[in-house]
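# Coordinate inspection notes
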Amino acid sequence: MMTKEQFNELPRPTFRWMKVNHLELDPLETQELQPVELAVRQEGSAQVETYEGNGLPDLGDFQGASREALAQAQKGGNINCRVTVPEGEEASVWITYTVTEEAPRLVGQLKLQAGKDSRLHVYELFDGDAENGLVNLLQYVDAGDGAQVTISKVQIHGEKVRHIDQRLTREGKEAQVKFVSAEVGGHQNLVYVRTDLDHDEAQFKSASMYLGSDDQLFDYSYWVPTKGCKTDTDILTTGALMGTSKKYFRGTIDFLRGGKKAVGNESDVCLLLNKGVHSISVPLLLCKEDDVVGNHASSSGQIDQDMLFYLMSRGFNEAGAQLIIVESNIRPVIDQLGDENLENRALQAVRTKMQFCHQKGNCHDKCTQRFPHLD
Amino acid sequence: MSELLRVEGLKVAVEGKEILKGLDLVINKGETHVIMGSNGAGKSTLFNTIMGNPKYVVTEGHIYFEGKEITHEPVNERAKAGIFMAFQAPISVQGITVENFIRNAKGTISGEKQRIMPFRKKLHQEMDALSMDRSYADRYVNDGFSGGERKKNEILQMCMLEPKLTLLDEIDSGLDVDAVRIVSQAVNKYHNENNSLLIITHHSEILQKLHPDVVHVLINGRIVKTGDASLIQEIEANGYDAYKK
C-alpha cells in the first residue's frame, strides 16, 4: 500500500480524533524535471538571477508543507530564482510560472533578499495545466530592518495541477512583509507559511482568497511565532466553495515570551454554495506572554438570503446575485494585489468558474447571458 | 388615470403565521399612497410581498402590475417590470462600488448597455441633488455608510433606475431634519404622472413634503380605512385605537 504524504502539520497538534492535525494525500509519482525558462520582468534596481542547486541558507526547524515537498524543493529544481534589492533601493518583479505538457513539473526556490529600508514587490502568476502537473515552490523571504516586501500571487492553474507553496519569512526590526494571494485554479492547493517575527515592530500581513469547485482542495497553514516587541500580525483567508470542494485553514499565532505588546489577528471566512462542500477552520492563538492582544475568528455559512433579496430587487437574477455576493467576499483581497493585469486575471478566473461550474449542465452561452457585466 | 398596481384578497404567511389577511389595494399611475399602521400590522410584509421576497408566502390572492399578474414572478423580474423598493435597512455589499453596482443594475433592468460617461454624468447630478459627496460613487455599496447615507443611497438608486412604482419603507427613519428635506425634494423631483409611490412611515413630517393622494390604515393584516391626506392628522391626534376595535 502506498504511504500517504502528510501535509501542513499543525505546529502544536491537537486531539487526533478532530482530524485537523494534518492533511494526507497520495504522493505523486516521481518524474524527471524538464528545463524551464521563467518569464521574468523587473522595474527598479533589483538583481534577478536564476541558479541551480540549493541557494538557501539553513532553514532551521522549518518543516515546510511536508517533509517530502521541502526536501524536493531544497534540492533545487527547474525554477530557482533569486531577487536581491540593495539597501534603500526599490524594485518590482513579475514572474510567471507556467505548467505545460512539455514541462508539467515546476520545482524550485524563490529567494527574496530585501536590504535595509528597501522596497520589493513581487508579482507572481501561476497558470497552465498538464496531466500530473506539479508546482512546488519554496519561497524564502529575508526582509532586512525597515524593509517592505510584498508578494502578490494569482494562481489560475488548470484542474490537474497539485500546487504547493511553501514560504519561510525572516523579518528584521520594523520590517513589513505582506502576502496577497488569489487561489482559483489547481486540483490540490497546499499553502504553508511560516513567518518569524523575532525583532521589534516587525509586521506580517496576509490576505488570501480562494474559490473552490468540483473536488478541489485548498489547505492553508500559517505559523507565526512572535518574539519581538510590538509586532503586528494580520491573517485573513476568505472565499467560497462549490461542488464537493474542501478548504482547510490552520492558523497559529504563537505569542512567545518577551514579545510584549504584540498584536495578532487571524480570520477565516467561507461561503458555502453547495451542500457537498467542506470547510474546516483551526484559528489558534498560543500565548506565553501576557502583554499581548490576539483575536481569532472563523465564519462559514450559506448565502445570506437578505442580501440575495436585496440584489435581486435591483434586477440581478439569482446566479448574478450569487456572483456579486461571492465577489463581495473576495474583491477586497483582489483589490490589494496592486497590479491591474493580475487583478483582472483573478477576477476573470472567478467569473469564468462561477459561470461554468456552479450550474453544471448549463451551456456557456446561456450562462454568460444570465450574468451581469461587472467591470 | 391608468391602473399600475392591483392587489386582490392578498393573504401572506411568514414561517406559517398569517400576517396579511385579505388585503385589497389599487394604485394608479401618478398617485402617492401612504400605508399607516401600528408596529406589526403588516406594512413591511406588504412591501416585501409586492417586491417578491421568497420569505413571504402568498397563500391566497393576486398581485397585478400594469395588468399582468406577478404574484409568483421572481424578484428580479418584478424589478425589471419597474418595481423598486427602498429598504428600511439597506444591506452593505463589499467589493462592488456604488457606481458599478447601479450601472450594472441599470443595464440589467433596462436591457441596454450603460455607456460610462453619460451614466456618470447623471449619477453625479443625482448625487449633487442629494448632497452626497461624489466620492461615495467609488465606495463599496453601503459599506461603512451611516444610516442616513444608506437611505440617501437608496434614493439615489431610485433616481437612477427610474422605476414605475417605488416602495419607500420608512425612508425617513434615522434621517435628520435636513436629510428629510433633501430626500423629500429628490423624491418629489423624480415623481411625475407616469410613476407612483407607496410609502410607509411613522412620521407625518415627510408626508407634509410628499403630499400623498391616498392614505390607508393597515391594522392586523387588513386595510381598515382609506381616505385622503386629512386621515394623517386624525391618526396623529387620536392614534390607531379607534381602528383596532
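One can find the structure itself at the top, above this paragraph.
So, here is what we can say about the structure in this document. Per-chain numbering applies: the sequence of each chain, read as written, is numbered from 1 onward. The order in which chains are written sets their letters, starting at A; the order in which ligands are written sets their numbers, starting at 1. With the structure being a predicted model, the display of local features is reserved for residues of pLDDT at least 70 and the display and counting of side-chain atom pairs for 80 or more, all residues being used for whole-chain, interface and lining totals.

### Re the overall build of chain A
On a plain count of helices and strands, chain A comes out with five helices and 20 strands. Here the globule rule is a power law, 2.2 Å times the number of residues to the power 0.38, and the radius of gyration is based on C-alpha atoms. In summary, chain A has a C-alpha radius of gyration of 20 Å against a globular reference of 21 Å for 375 residues, a match within 12%. Referenced to the eigenvectors of the C-alpha coordinate spread, the extents of chain A come out at roughly 55 × 50 × 50 Å. Residues with at least 20 other C-beta atoms within 10 Å of their own are called buried, those with 12 or fewer are called exposed, and the rest are partly exposed. The C-beta atoms themselves are positioned from the backbone. Out of the 375 residues in chain A, the part that is buried amounts to 49%. By the convention adopted here, residues are in contact when the distance between their C-beta atoms, placed from the backbone, does not exceed 7 Å. Within chain A, residue pairs in contact and separated by at least 24 positions form 83% of the contacts whose partners lie at least 6 positions apart. Helix and strand definitions here come from DSSP, where helices need a minimum of 4 consecutive H or I residues and strands a minimum of 2 consecutive E residues; each element is numbered from the N-terminal end.

### Details of the packing of helix α3 (residues 98–110) of chain B against helix α5 (residues 147–161) of chain B
All names here are of chain B. Throughout, an axis means a line fitted to C-alpha atoms (over the contacting stretch in the case of helices), and angles, computed between N-to-C directions, take values from 0 to 180 degrees. It is the contact of α3 with α5, at a shortest axis distance of 10 Å, that shows an interaxial angle of 35°. As α3 runs across α5, the sense of the crossing is right-handed. Contact residues: α3 offers Val98, Ile102, Ala105, Lys106 and Ile109, while α5 offers Asn153, Gln157, Met160 and Leu161. Split into classes, the residues belonging to the contact of α3 with α5 amount to six nonpolar, two polar and one charged. Handedness of a crossing is defined here by the sense of rotation of the near helix relative to the far one, left-handed for an anticlockwise turn of less than a right angle and right-handed for a clockwise turn. When residues are grouped by polarity, Ala, Val, Leu, Ile, Met, Phe, Trp, Tyr, Cys and Pro land in nonpolar, Asp, Glu, Lys and Arg in charged, and all others, Gly among them, in polar.

### Comments concerning the interface of chain B and chain A
Tallying the contact residues gives 19 residues for chain B and 20 residues for chain A. Among the secondary structure elements, those contributing two or more residues to the side of chain B that touches chain A are α2 (75–81), β7 (93–97) and α3 of chain B. Per-element accounting of the side of chain B that touches chain A gives the leading share, six residues, to α3(B). Of the residues in the side of chain B that touches chain A, the class split is ten nonpolar, eight polar and one charged.

### With respect to the nonpolar core
Throughout this description, the term nonpolar core refers to a group of buried Ala, Val, Leu, Ile, Met, Phe, Trp, Tyr and Cys residues whose C-beta atoms join them within 7 Å. In terms of nonpolar packing, the biggest core is built from 166 residues, with Leu112(A), Leu120(A), Val135(A), Ala346(A), Ala86(B) and Leu167(B) touching the most fellow members. With eight residues, the single largest contributor to this core is helix α3 (residues 318–334) of chain A.

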